[in-house]
Amino acid sequence: MHTHAPLPNNVEELQALLLAQISIAETLQRECDGIKLINESHDAEIARLNLLIDKLKRMLFGRKSEKLAHQIDQLELELEELYIARAQSERLLPAVPEPVEIAVQASAPKRAWPESLPREILRHVPDAPCCPDCGGAWQTLGEDISEVLEHVPASIKVIRHVRPKLACTKCDTIAQAAAPSRPIAKGAAGPGLLAHIMVSKYLDHQPIYRQCRIHARNGIELAESTVGDWVGNVHALLRPLANALQQYVLSAEKLHTDDTPIAVLAPGTGKTKQARLWTYVRDDRPAGVDDAPAVWFAYSENRQGIHPQTHLKDFAGILQADAYVGYDAVYASGKVIEAACWAHARRKFHDIHVQHPSAVTTQTLAQMAQLYQIEATIRGSPAEERQAIRQDQAKPLVEGLHRYLSEQQERISRKSVTAEAIGYAMNHWVALTRYLDDGRIEIDNNAAERSLRGIALGRKNYLFLGSNAGGERAATLYSLLETAKLNGMNPESYLRDVLTVIADYPVNRVAELLPWHVQAKQKTLAQEAASG
């Protein structure tokens, strides 16, 4: 109960009190307005930094720019400080009394968190067991509900398997249940822990030694050598599954491919060498195909063309890639059709435009933007429909752009960077325009570039791989985990399910454990449980 001081009895004192209250209210309003202006400034700066960070990340992708990476890190920290500062300033806003309302029914939470999350319900009732004014009993009129998202520290539990030996009371027969299967024979790690370690290492970029330190804080002492053994054994278990994934990906009619550098420790030197991870993406969803998307990664010690030529020796179809000369021998076979990437061509003009905008870069980028606008309207449509719309809307634009670039190529200095950008586009024009005549082909190779982004982020954390064998392990795990993500699955849950059964799974049926098959089985079981 709140008590109030008695009000004055004369008009003058009442007027003085009212003026004082008005003055306080005006002061509070000015403080609120000032803090709101600060917050608006923070919001504007946050928006600006987000745009700048996105722009820098686009520029960074695929480049060897430590300076740019450092700049992004600095901007991320600056953005973090702004978020914190905004939150702190909001806490300074004076509390404004709200009118008391009687809730006649339960109010829903302002934000609905996923129903799959476990919930702990805490009920808060007044301290007084009855009305402090009259002693009457309380009657529930309604309730207010709010939800707070809380973090429960990761926990590890010990599962003790007990197998009693049973003896027959009438004869000498002894029975005992068979020992449950483990992912690693005689290993002390269950499938859930192994999945967590692998996802932490390859998706969250936490090296083994950091994971061991994290577990040590929770009282779980894990030797790095032991966890290293687990990682090697998991790779051996998953290798047949990765091979099945490779077969599925390379059986596609169209592939996206790209590569990214990755540092590997050179044996006996204490230094690193630059190896490569190659990505091959099968994803025809933009063309209205229901086949499951998938990505297969391959590791190589260098970037020689023999590697993609070996990977693709049995592939026949459309290959969407950048202009790397290592693919030329693949196209020369006649089995593979080249499709170039408009994003690569556009990026060359964009980089020039950022530094030295000109009429040529402005006009070229504007016309390329129109091509992308057309693609946005037909994404997910059948290939035949995409081809028809491209012929009707995009082809005239492409032909106009070709005439424009040809004219500019004759006018500007051949030594200029703009001439180089134009030359790149003109030299690959046939491959760039092939998408107009085939609705299966994408306008760019962004599907492959997206698959490499996690690896690019990981390089900042783990710095280098320990060996070529480590590169092979990384390729296997990236393949399975990134494919799970492409199919909308939780990678850790998927890997836990696979590791639960794969040790005893028939090798000739291991393809049944690919992400989309596991996902379909889970949906079927859920439907049966709901109906039964």
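Since the structure is predicted, the reported quantities are computational estimates derived from the model, not experimental observations.

Reading the values: the criteria
- Residues numbered from 1 in each chain as written.
- Predicted model: local features only at pLDDT ≥ 70, side-chain atom pairs only at ≥ 80, totals over all residues.
- Heavy atoms only, no water.
- Core = buried A, V, L, I, M, F, W, Y, C linked by side-chain atoms within 4.5 Å.
- Buried < 20%, exposed > 50% of the residue type's maximum accessible area, 1.4 Å probe, protein only.
- Helix = DSSP H or I, 4+ residues; strand = E, 2+ residues; numbered from the N terminus.
- Contact = heavy atoms within 4.5 Å.
- Pairing = 2+ DSSP bridges.
- Axes fitted to C-alpha atoms, helices over the stretch in contact; angles between N-to-C directions.
- Expected span 1.5 Å × (residues − 1).
- Bend = angle between axes of the 7 residues up to and from the residue.
- Parallel < 35°, antiparallel > 145°, perpendicular 65-115°, else oblique.
- Nonpolar A, V, L, I, M, F, W, Y, C, P; charged D, E, K, R; others polar.
- Phe/Tyr/Trp six-rings, centres within 6.5 Å; stacked < 30°, edge-to-face > 60°.
- Lys NZ or Arg CZ within 6 Å of the ring centre and 35° of its normal.
- Salt bridge = Lys/Arg side-chain N within 4 Å of Asp/Glu carboxyl O.

Some remarks on the nonpolar core
Piece 1. Among the nonpolar cores identified, the biggest contains 72 residues, and Trp230, Leu238, Leu241, Val249, Leu319, Leu499 and Ile502 are the most heavily contacted of them.
Piece 2. No other element matches the twelve residues that helix 5 (residues 224-250) contributes to this core.
Piece 3. For Trp230, the residues in contact, after removing those within four places along its chain, are Ile184, Ala188, Ala189, Leu193, Leu194, Ile197 and Leu222.

Digging into the sheet that holds strand 3 (residues 254-265)
Piece 1. Pairing is mixed in the open sheet, where five strands are placed in the order 5-4-3-6-7. A strand with exactly one partner marks an edge of an open sheet, and here the two such strands are strand 5 (294-300) and strand 7 (336-339). Strand-to-strand, the axes of this sheet are offset by a mean angle of 30 degrees, without reference to chain direction.
Piece 2. Bridging between strand 3 and strand 6 (residues 317-320) involves three bridges; their strand directions are parallel. Paired with Leu255 across the two strands is Leu319, which belongs to strand 6.
Piece 3. Across the face of the sheet, helix 5 comes into contact with strand 3, strand 4 (272-282) and strand 5 while running at roughly 110 degrees to strand 5.

Here we look at helix 5
Piece 1. Here helix 5 spans 36 Å end to end across 27 residues, near enough to the 39 Å set by a 1.5 Å rise per residue.
Piece 2. The principal kink in helix 5, of about 40 degrees, is found at Leu238, preceding the proline Pro240 by one to four residues.

Some words on the packing of helix 5 against helix 16 (residues 491-501)
Piece 1. For the pair helix 5 and helix 16, the least separation of the axes is 11 Å and the interaxial angle reads 95 degrees. As far as their axial angle goes, helix 16 and helix 5 are roughly perpendicular. On the side of helix 5, the interface is formed by Val234, Leu237, Leu238 and Leu241, while helix 16 contributes Tyr494, Leu495, Val498 and Leu499.
Piece 2. When its residues are assigned to classes, the contact of helix 5 with helix 16 shows eight nonpolar, no polar and no charged.

Section: the packing of aromatic side chains
Piece 1. For the coordinates displayed, the defined rule picks out seven aromatic pairs.
Piece 2. Note on Tyr324 and Tyr327: the rings are 5.5 Å apart at their centroids and 90 degrees apart in plane angle, and the pair reads as edge-to-face.
Piece 3. Within the aromatic cluster, the residues linked to one another by ring pairs are Tyr202, Phe297 and Tyr478.
Piece 4. The ring of Tyr202 carries Lys201 above its face, with NZ or CZ at 5.3 Å from the centroid.
Piece 5. Positioned above the aromatic ring of Tyr248, the side-chain terminus of Arg282 is 4.0 Å from the ring centre.

Remarks on unusual backbone geometry
Note: most peptide bonds trans; most residues except glycine with negative phi.
Piece 1. Here the phi dihedral of Lys186 falls at roughly 60 degrees; this positive angle occurs in a residue that is not glycine.
Piece 2. Of note, Lys186 is situated in the loop between strand 2 (174-175) and helix 3 (191-202).
Piece 3. Since its relative accessible area comes to 83%, Lys186 is described here as exposed.
Piece 4. Phi at His205 takes a positive value of approximately 60 degrees, unusual for a residue other than glycine.
Piece 5. Looking at where His205 falls in the secondary structure, it is placed in the loop between helix 3 and helix 4 (208-217).
Piece 6. Taking relative accessible area as the criterion, His205 reaches 9% and is therefore assigned buried.

Focus on the pairing of strand 5
Piece 1. Within strand 5, seven of the seven residues are buried, leaving the element largely enclosed by the surrounding structure.
Piece 2. Both faces of strand 5 are covered, namely the face carrying Ala294, Trp296, Ala298 and Ser300 and the face carrying Val295, Phe297 and Tyr299.
Piece 3. Taken together, the seven bridges between strand 4 and strand 5 define a ladder with antiparallel strand orientation. Within strand 5, the residue paired with Val281 across the bridge is Val295.

Here's the deal with the pairing of strand 6
Piece 1. With four bridges connecting them, strand 6 and strand 7 associate as parallel partners. Of the residues in strand 7, the one forming a bridge with Gly317 is Val336.

Quick notes on the environment of Lys348
Piece 1. Tracing the sequence through the fold places Lys348 in helix 8 (residues 342-355).
Piece 2. Residues Lys348 and Ala421, spaced 73 residues apart in sequence, show a C-alpha to C-alpha distance of 5.5 Å.
Piece 3. Setting aside its immediate chain neighbours within four residues, Lys348 contacts Ala421 and Tyr424.

Some thoughts on the packing of helix 3 against helix 5
Piece 1. Put simply, helix 3 and helix 5 touch, their axes get as near as 10 Å, and they point 90 degrees apart. The angle between helix 3 and helix 5 falls in the class roughly perpendicular. Counting all contacts with helix 3, which are made through Leu193, Leu194, Ile197, Met198 and Tyr202, the residues of helix 5 involved are Val227, Trp230, Val231 and Val234.

Quick word on helix 3
Piece 1. In a regular helix each residue adds 1.5 Å, so twelve residues correspond to 16 Å; helix 3 covers 16 Å between its end C-alpha atoms and thus fits that length.
Piece 2. Residues of helix 3 that are buried: Leu193, Leu194, Ala195, Ile197, Met198, Val199, Ser200 and Tyr202.
Piece 3. At its buried positions, helix 3 is contacted by helix 4, helix 5, helix 15 (468-486) and helix 16.

Re the pattern of salt bridges
Piece 1. This structure, assessed with the given rule, holds 15 salt bridges.
Piece 2. A salt bridge links Lys273 to Glu301; its shortest N-O distance comes to 3.2 Å. You can see Lys273 sitting in strand 4 and its partner Glu301 sitting in the loop between strand 5 and helix 6 (306-311), a full 28 residues away along the chain.
Piece 3. Among the residues examined, Lys273 registers a relative accessible area of 25% and is labelled partly exposed.
Piece 4. Among the ionic pairs, Arg390 bridges to Glu375, the shortest N-O distance being 2.8 Å. In this pair, Arg390 sits in helix 10 (residues 383-411) while Glu375 sits in helix 9 (residues 359-378), placing the two residues 15 residues apart along the sequence.

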